[in-house]
Amino acid sequence: MTNIFIHIALLLIMPPLLLGVINKTKALFAGRRGPPVLQLYYDLIKLARKGVVISQVTTWVFTAAPVITLTAIMLAGLMVPMGPFQSPVAFTGDLILFAYLLALSRFFTTTAALDTGSAFEGMGAAREVTFACLSEPALFFALLVLAKMSGSLVLTNMLHAPLAAGSQASAASLVLVAGGLFILLLAENSRIPVDDPNTHLELTMIHEVMVLDHSGPLLGIILYGAAVKLFVLSAVLLHIVFPFQSGSALLDWSLFVLEMLLTAVAVGVVESVMARLQMRNVQHLLIAAILLCGFGFVLLMR
Amino acid sequence: MTVQPEMLTTINGRSVALDQIPRHDVKTFQHIVRREITGGQRAVSFFGAESGQPGCTDLFILLANDEYSELNILSTRIEGGQFPSMTPDCNQLHLFEREIAEQFGLKPEGHPWLKPVRYSGSSIQPGTGDFYRVEGEDIHEVSVGPVHAGIIEPGHFRFQCHGEHVYHLEIALGYQHRGVEKAMVEQPAKRALHYAETLAGDTSIGHATAYCQVVEALSGCKKTVRAQALRSIALELERLANHTGDLGAIANDIGFLPTASYCGRIRGDFLNMTALLCGNRFGRGMIIPGGTGYDMDDARIEELQERLSDGEKDAANAIELLFETPSVLARLEGKGLLPQDICKTLGIVGPAARASGLQRDVRHDQPSGIYRFVQLPLSSWDTCDVFARAYVRWLEIQQSIDFIREQLRAMPAGSIQAEIGPLKPRHLAVSLIEGWRGELCHVALTGETGAVTRYKIVDPSFHNWMGLAYAMRDQQISDFPLCNKSFNLSYCGHDL
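Counting restarts for each chain: residues are numbered from 1 in the order of the written sequence. For naming, the first written chain is A and the first written ligand is 1, with later ones following in the order written. Totals for whole chains, interfaces and linings use every residue, but because this is a predicted model, local features are given only for residues with pLDDT of at least 70 and side-chain atom pairs only at 80 or more, for both listing and counting.

Draft legend 1. Looking closely at the sheet that holds strand 16 (residues 452-458) of chain B. All names here are of chain B. Two strands pair if DSSP finds at least two bridges between them. Secondary structure elements are taken from DSSP: a helix is a run of H or I of four residues or more, a strand is a run of E of two residues or more, and numbering for both begins at the N terminus. Ordered in space as 2-14-15-16, the four strands form an open sheet in which the pairing is antiparallel. Of all strands in the sheet, those bounded by a partner on one side alone are strand 2 (15-17) and strand 16. Direction aside, neighbouring strands of the sheet carry axes that sit 15° apart on average. Pairing of strand 14 (residues 427-435) with strand 15 (residues 438-446) involves eight bridges; the strand directions are antiparallel. If you follow L432 over to strand 15, its bridge partner there is C441. Throughout, a pair of residues is in contact if the C-beta atoms placed from their backbones lie within 7 Å. In this description, a line fitted to the C-alpha atoms serves as the axis of each element, helices being fitted only across the stretch in contact, and the angle between N-to-C directions of two axes falls anywhere from 0 to 180 degrees. The strands touched by helix 5 (residues 204-219) within the sheet are strand 2, strand 14 and strand 15, with strand 14 carrying the most contacts at an inclination of about 155°. Against the sheet, helix 14 (residues 460-471) contacts strand 14, strand 15 and strand 16, and its axis sits at roughly 135° relative to strand 15.

Here it is, written out as structure tokens:
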């Protein structure tokens with residue numbers, strides 16, 4: 001019971017911290033002091049108190065989308081176990097729901113973007129769904145590997161499989177899947193090299209351009225939702241990268257938080273040492289993710 | 001009977017009597033201009049001026065013969081409200097003709113794309129009129145600006161796209177029009193220097209130098225060598241600051257953070273060196289007619305030498321990292337191509353022209369001031385892409401640092417000010433300066449009393465915006481900001 005509370009508390013509170021850590025890492029590389037680690041929390045509080053400007057051409061989709069997106073991501077977050085603990089929600093086949101909750105959030109973000117009728121937002125939506133066509137198969141391949149390894153269709157059991165297996169036979173697959181999932185993490189959360197979260201240039205954006213028309217609390221919800229998504233996908237990745245367990249609940253929770261922060265640092269480092277990819281090369285990267293996860297599966301079936 | 005010469009030949013920084021400038025009938029005028037431009041000369045400036053006779057307008061054209069470091073001037077008088085357009089044969093005149101059309105109500109007959117450049121009176125707003133359209137089911141139009149997401153100047157961009165592919169880009173400017181050319185004539189002469197300094201905020205020293213050179217040419221003032229050396233140091237410092245800032249901005253656009261933030265700081269260091277010269281980071285007050293506003297003592301020369309060495313080291317670290325990172329090169333190479341022949345046709349100037357392999361640099365081709373004595377090697381690259389435009393900047397940074405060092409080491413003695421006499425009546429003075437963005441051209445005409453009656457300014461942006469539009473053809477729309485940064489053109493310099 002306590003573990004479920006901790007799970008929900010972390011899911012609700014920790015995500016904005018990750019972005020703070022990423023930005024701090026980037027600032028360190030750039031020789032700057034950077035914004036405070038808690039900056040996103042301040043931003044969210046500020047946005048929550050602001051008014052909302054809603055374009056007259058939009059419909060209910062525009063206002064509902066941020067809420068639906070956040071809800072979908074939160075539900076997905078309830079299915080992903082953190083560290084060696086059980087997830088609050090688990091049933092056979094929940095991996096399908098998990099994948100489609102992510103898809104649902106994307107559907108509403110892009111629909112809200114199209115709803116504004118702006119050329120930029122349509123462009124962003126087109127890019128988002130184009131790249132999603134490639135990132136979703138990668139996710140499914142990764143899940144397939146885990147399902148095969150664990151012989152289960154419950155997300156909790158699947159993600160705990162690397163912990164239980166530990167054999168040499170599956171190690172190679174796991175390394176490949178970890179690579180694929182890391183690319184997926186960067187792509188899904190619009191980080192460099194796929195997207196640049198800091199740019200102000202409408203024409204180059206993917207995710208940011210879709211939310212240009214949102215303001216105030218709605219924008220706050222979107223920013224928060226994006227942070228939660230980063231958190232949830234990082235939690236998935238951590239099971240494969242750090243399949244460790246100490247036995248003590250307290251130690252395991254601290255370890256999980258630490259691993260989470262390390263992931264954020266890793267993302268920050270990637271963003272610091274390389275330039276963004278040219279838009280037409282993004283698909284190559286995503287195809288690489290599919291291939292990595294796909295070969296992981298092939299290795300396992302051998 | 002003497003035969004009238006076709007053109008009057010002069011050099012940069014001189015003035016000539018208006019009566020000596022050959023005036024041809026429109027047909028001969030256009031014949032000569034066409035022949036010379038096809039023969040390799042380029043139009044530096046083409047402008048109208050009141051003729052003094054009702055219903056008539058004088059047109060002057062300045063052609064640069066870079067091979068012989070000469071400037072050729074000729075004129076014609078237009079009666080009535082139109083003249084045949086030369087744009088179809090000499091593409092580089094297209095914007096000049098549009099400008100003449102809106103300033104003097106003369107219609108260039110046969111101009112392929114006659115639209116306002118800035119405004120025409122008060123009734124027509126900037127950015128209006130038809131835009132070139134590509135028709136088709138799958139084609140969509142993306143319009144950006146004049147209000148942008150970042151804090152930049154206003155400009156309107158129309159893309160004709162097929163998905164992410166750009167077929168055509170049309171740029172409409174004019175939102176920043178302040179009427180500087182008029183103000184330079186109508187306002188008291190004292191203010192003119194300040195108008196020049198604020199023509200384009202990032203080219204204060206360049207435009208101030210060009211203006212002062214015009215005044216000096218008209219008054220027959222002989223500057224001291226020390227003043228010329230100080231001016232060139234200020235001009236090169238301006239180039240250093242802006243080139244460094246540009247490279248940082250290019251790095252920022254492709255999300256390469258280390259270079260982006262370091263260059264931002266190093267740009268500040270270079271600006272502070274300008275402040276060391278004259279107390280202002282942008283060099284305001286440094287250049288005044290007759291010389292410079294401030295002198296340098298030995299202590300400051302030494303301090304500048306020291307700071308320059310630090311700046312050089314930091315800049316090398318940050319910028320070499322940029323050119324050594326494969327993911328960066330993948331973004332810069334082959335993007336935004338501006339072939340050399342197009343560069344020639346459009347009359348592109350500055351680093352953008354040199355990045356397309358053109359050997360075109362006022363400091364080299366039309367030297368004035370200290371550049372007549374000190375030859376600067378020309379930096380060029382021939383890949384015509386964003387990489388070339390970035391790399392030429394880096395080459396120029398290194399050369400400017402060497403140049404300033406050399407000037408500081410052998411600073412000529414003497415005063416920094418020379419007397420400015422009254423301006424010669426009925427004269428025309430030309431002054432070209434290689435600003436960091438390219439060629440700045442200032443031309444002034446004086447009347448019977450010696451007062452300036454017409455002041456014409458051509459900022460490098462005026463030539464180069466069309467180059468950007470061309471470079472975007474067949475590119476990805478997401479690469480536009482990067483291409484744009486690689487040119488980094490001025491809106492207010494164009495809009496005047």
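Draft legend 2. Broad picture of the nonpolar core. Residues and elements named next belong to chain A. With 234 residues, the main nonpolar core has A142, V177, L181, A227 and C293 as its most contacted residues. Here this core takes 18 residues from helix 10 (residues 216-241), the largest share from any one element. Setting aside residues up to four positions removed in sequence, L181 forms contacts with A142, V236, L237 and I240. Each nonpolar core consists of buried Ala, Val, Leu, Ile, Met, Phe, Trp, Tyr and Cys residues. Their C-beta atoms, within 7 Å, join them into a set. Exposure in this text rests on C-beta crowding, where 20 or more other C-beta atoms within 10 Å of a residue's own make it buried, 12 or fewer make it exposed, and counts in between make it partly exposed. The C-beta atoms are placed from the backbone.

Draft legend 3. View of helix 2 (residues 15-30) of chain A. In this scheme, a helix's expected span is set at 1.5 Å multiplied by one less than its residue total. With 16 residues, helix 2 of chain A extends 24 Å from end C-alpha to end C-alpha; this agrees with the ideal 22 Å at 1.5 Å per step. Here helix 2 of chain A has its buried residues at A:P15, A:P16, A:L17, A:L18, A:L19, A:G20, A:I22, A:N23, A:T25 and A:K26. Elements that come into contact with the buried residues of helix 2 of chain A comprise helix 3 (39-48), helix 10 and helix 11 (249-273) of chain A together with helix 7 (257-278) of chain B. Within two residues after helix 2 of chain A, A:G31 carries a phi angle of roughly 75°, on the positive side.

Draft legend 4. Region of interest: the interface of chain A and chain B. In this assembly, 23 residues from chain A lie in contact with 25 residues from chain B. For the side of chain A that touches chain B, the secondary-structure elements that each account for two or more residues are helix 2, helix 6 (119-150) and helix 11 of chain A. The greatest single-element share of the side of chain A that touches chain B, amounting to three residues, is contributed by helix 2 of chain A.

Draft legend 5. Main features of the sheet that holds strand 11 (residues 165-172) of chain B. All names here are of chain B. Pairing in this open sheet of three strands is antiparallel, and the strands run 9-10-11 from one edge to the other. The two strands at the open ends of the sheet, each matched to only one other strand, are strand 9 (140-144) and strand 11. Neighbour to neighbour, the strand axes of the sheet diverge by 20° on average, direction disregarded. As defined by bridge partners, strand 10 (residues 156-162) adjoins strand 11 across seven bridges and the pair is classed as antiparallel. Its bridge partner lying in strand 11, H162 is registered against H165.

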